[in-house]
Amino acid sequence: MGAVAVDPEKDFVPPSFTVKELRDCIPKHCFERNTLRSFSYIAYDLCGVAALVFCASRIHALPVYLQAVAWVAYWVCQGVVCTGLWVIAHECGHGAFSPSRTVNNITGWILHSALLVPYYAWRHTHSQHHKNTANMNRDEVFVPRTKSFRGLADKPSTEAWRLDTVFEESPLYHVAKVVAQSLFGWPLYLYRNASGPKYARGASHFNPKSVLFRSDQMWQIVVSDIGLAITAAVLVYASFVWSAGAVVRFYGVPYLMVNFWLVSITYLQHSSPRVPHYNDDEWTFLRGALCTIDHDYGWLLNTCLHHINDSHVAHHVFSLMPHYHAVEATKHLKKKLGKYYYHNDTNFLVALYRTMRYCQFVDDTGSVLFYRNTSTPLKVE
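Everything in this summary refers to the structure shown in the same document. Keep in mind that what you see is a predicted model, and the values were worked out from it rather than measured.

## Things to note about the overall build of the chain
Broken down by element type, the chain carries 14 helices and 6 strands. When contacts within the chain are restricted to residue pairs at least 6 apart in sequence, long-range pairs at least 24 apart make up 71% of them. Roughly 18,300 Å² of accessible area belongs to the chain as shown, and the carbon and sulfur atoms make up 64% of that amount.

## Section: the pattern of salt bridges
A complete count under the given rule lists 6 salt bridges for this structure. Across the salt bridge formed by Lys336 and Glu21, the nearest N and O atoms sit 3.8 Å from each other. Residue Lys336 is found in helix H13 (residues 323-337), and its partner Glu21 is found in helix H1 (residues 19-24); the two are separated by 315 residues along the sequence. Residue Lys336 is classed as partly exposed on the basis of its relative accessible area of 35%.

## Quick look at the nonpolar core
In terms of nonpolar packing, the biggest core is built from 55 residues, with Trp86, Trp186 and Trp261 touching the most fellow members. Within the residue set of this core, elements represented by two or more residues are helix H2 (35-56), helix H3 (64-94), helix H5 (119-131), helix H7 (171-192), helix H9 (244-270) and helix H14 (348-358). If we ignore the near neighbours within four places in the chain, the residues touching Trp261 are Gly79, Val80, Thr83, Tyr297, Leu301, Leu305 and Phe348. Counting residues in hydrophobic clusters, the runner-up holds 18 residues, among them Cys30, Leu286, Phe318 and Leu333.

## Considering the environment of Phe39
Structurally, the position occupied by Phe39 is in helix H2. Look at Phe39 and you get partly exposed, because its relative accessible area is 37%. With sequence-adjacent residues up to four places away left out, Phe39 is seen in contact with Phe97, Val103 and Thr107.

## Remarks on the side chain of His90
Within the element layout of this structure, His90 appears in helix H3. The contacts of His90, once residues within four sequence positions are left out, are His112, Trp122, His126, Ile308 and His315.

## Some words on a nonpolar patch on the surface
The grouping of Leu62, Tyr65 and Leu66 at the surface amounts to a nonpolar patch, some 310 Å² of accessible area in total. Along the polypeptide, Leu66 turns up in helix H3. Owing to a relative accessible area of 35%, Leu66 belongs among the partly exposed residues under this scheme.

## Section: the packing of aromatic side chains
How two aromatic rings sit relative to each other is given by the distance of their centres and the angle of their planes. Using the criterion set out here, one finds 22 aromatic pairs in the structure. Arranged with centres 6.3 Å apart and planes meeting at 45°, the rings of Trp261 and Tyr297 form a pair that is tilted. Of this pair, Trp261 sits in helix H9 while Tyr297 sits in the loop between strand E3 (293-295) and helix H11 (299-304), and the two are 36 residues apart along the sequence. Classification of Trp261 as buried rests on a relative accessible area of 7%. Between the NZ or CZ atom of Arg23 and the centre of the ring of Phe31, over which it lies, the distance is 3.9 Å. The lysine or arginine in question, Arg138, covers the ring of Trp283, its NZ or CZ lying 5.1 Å from the ring centre.

## Notes on the side chain of Asn309
Relative to the elements of secondary structure, Asn309 occurs in the loop between H11 and helix H12 (312-317). For Asn309, a relative accessible area of 0% translates into the label buried. Looking at Asn309, its side chain comes within polar contact range of the side chain of Asn302, at 2.7 Å. Apart from residues lying up to four places away in sequence, Asn309 is in contact with Ile265, Gln269, Ile293, Asp294, His295, Asp296, Tyr297 and Asn302.

## Focus: the packing of H7 against H14
Closest axis-to-axis distance for the H7/H14 pair is 9 Å, and the angle between their directions is 105°. Between H7 and H14, the angle falls in the class roughly perpendicular. For the pair H7 and H14, contact is made by Pro171, His174, Val175, Lys177, Val178 and Gln181 and by Leu352, Tyr353, Met356 and Arg357, respectively. In terms of residue class, the contact of H7 with H14 is built from 6 nonpolar, 2 polar and 2 charged.

## Observations regarding the packing of helix H4 (residues 101-114) against helix H8 (residues 218-241)
H8 packs onto H4 with a crossing angle of 45° between their chain directions and a minimal axis gap of 8 Å. Looking at the two axes, H4 sits oblique to H8. The interaxial crossing formed by H4 with H8 has right-handed handedness. Touching Trp109, Ser113 and Ala114 of H4 are Val223, Ser224, Gly227, Leu228, Ile230 and Thr231, all from H8. By residue class, the composition of the contact of H4 with H8 is 5 nonpolar, 4 polar and no charged.

## Points about H8
At 3.6 residues per turn, the α-helix brings residues three or four places apart onto the same side. In this model H8 runs 35 Å from its N-terminal to its C-terminal C-alpha over 24 residues, within 8% of the 34 Å that 1.5 Å per residue would give. Tucked into the core, H8 has its buried residues touching H4, H5 and H9. Count one or two residues on from H8 and you reach Ser243, which has phi positive near 160°.

## Examining H5
For H5, which comprises 13 residues, the first-to-last C-alpha distance of 18 Å matches the rise-based estimate of 18 Å (1.5 Å per residue) to within 8%. Within H5 the residues assigned to the buried category are Tyr119, Tyr120, Ala121, Trp122, Arg123, His124, Thr125, His126, His129 and His130.

## A short note on unusual backbone geometry
Backbone geometry at Ser243 places phi at a positive 160°, although glycine is not the residue there. One can find Ser243 in the loop between H8 and H9. Taking the relative accessible area as the measure of exposure, Ser243 reaches 26% and is therefore partly exposed.

What counts as what
- Residue numbering note: each chain is counted from 1, following its sequence as written.
- Two thresholds apply to this predicted model, a pLDDT of at least 70 for residue-level local features and 80 or more for giving and counting side-chain atom pairs, whereas whole-chain, interface and lining totals are computed over all residues.
- Only hydrogens and water are set aside when side-chain values are computed; all heavy atoms of the structure are taken into account.
- Here a strand is any run of E in DSSP of at least two residues, a helix any run of H or I of at least four, and the numbering for each starts at the N terminus.
- The contact definition used throughout considers only heavy atoms, calling two residues in contact when any of these lie within 4.5 Å.
- Using a 1.4 Å probe, the Shrake-Rupley method yields the accessible areas, and only the shown protein chains count as cover for residues.
- Between Lys or Arg on one side and Asp or Glu on the other, a salt bridge is scored when a side-chain nitrogen of the former is within 4 Å of a carboxyl oxygen of the latter.
- Categorising residues by exposure relies on relative accessible area from a 1.4 Å probe, with only protein chains included: less than 20% of the type maximum marks a residue as buried, more than 50% marks it as exposed, and the intermediate range marks it as partly exposed.
- Here, nonpolar core means buried Ala, Val, Leu, Ile, Met, Phe, Trp, Tyr and Cys residues that are tied together by side-chain atoms lying within 4.5 Å of each other.
- Put simply, a patch holds well-exposed residues, over 30% relative accessible area, that have no salt bridge, with like charges counted together within 9 Å and Val, Leu, Ile, Met, Phe, Trp or Tyr side chains within 5 Å.
- Think of it this way: a Phe, Tyr or Trp ring, Trp meaning its six-membered ring, pairs with another when their centres are within 6.5 Å, and the plane angle makes it stacked under 30 degrees, edge-to-face over 60, tilted otherwise.
- When the NZ atom of lysine or the CZ atom of arginine is within 6 Å of a ring's centre and also within 35 degrees of its normal, the charge is said to sit over that ring.
- Polar contacts, as used here, are pairs of N or O atoms within 3.5 Å; protein pairs need one atom able to donate a hydrogen and one able to accept it. Residues neighboring in sequence count only if both atoms are side-chain atoms.
- An axis is simply a line fitted to the C-alpha atoms; with a helix, the fit covers only the stretch in contact. Between two such axes, the angle follows the N-to-C directions and lies from 0 to 180 degrees.
- With respect to orientation, any angle under 35 degrees is reported as roughly parallel, any angle over 145 as roughly antiparallel, any angle of 65 to 115 as roughly perpendicular, and every other angle as oblique.
- Think of it as three bins: nonpolar holds Ala, Val, Leu, Ile, Met, Phe, Trp, Tyr, Cys and Pro, charged holds Asp, Glu, Lys and Arg, and polar takes everything else, Gly as well.
- Should the near helix be turned anticlockwise from the far one by less than a right angle, the crossing is left-handed, and should it be turned clockwise, the crossing is right-handed.
- To estimate how far a helix should reach, multiply one less than its number of residues by 1.5 Å.

In structure tokens form, the structure reads like this:
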């Protein structure tokens, strides 16, 4: 059977579950946090980081024709392992790492600072994302641009519409967008709140007086900045001891790979032509939380990324649940949610390309909005 056009909006009815209903379908032990077990995953990741650094330090002994291949392998592998550390710090920000708030914040601050992430600043805006997921007016990340924002509100004969249609038929255009977003989207989000809501576009996560934060959060943002300054100082010192090139090879390129995974994973979790966004009159916390898509990247990546990608629905509904219980919880949620459980098993890179190509804008009006573009119909095999 060939690909056929489908309409995700046809007969769509927003879900009417309650949080209690979903919680009751999950075994109670899935909500238990174990500090020692959580630290074991940090130890696991740090061993991976150390092993990869050791191997990379021996690349110079390889034949010249193998050195480039070895460095690429190091960058890819180290990027995945460090993304795992990022995920653990993310868990600290939610309070899912440990029952102790102090342990959560100290651990999260150290890990995120080492990865040049302003821990407290990110934690505050990420909390708003969870509280307002898929809300067109209050969500914090990957908020869909409207048709008028894209300059496409007029008739199809407008110049903007014609240009969009031409580019949407160019695979290289979408590949370039994927690469640019994946490598530089995260720094742009931190510096200028790229992909964020209208009220805070251009706001910085590094500014203690940013519109993103309340006045009582100012000193936490300062502490975040201090953590970044310490890491920057260590990197500068390392560049004098070894060389700037060594810092770029061992830290800089893996840092970009972490950016790639972080942005790409988040983008795919919250962008799909099949999944709606809501305006205020139809939005509820649970409806928003269920507008999340699980992606299976295969056993190895799922494990290294601590299942942030294939149990994200459970995470959004119950963000205090530790990652090592989320996979089990997902099995129960999937049964309970039925058609309202969204997942995508398409190859990771293929899914990135297709999502970038189709998810261009949403309509300006309406209570429940689905992604559209100017020329390509949504198709399914």
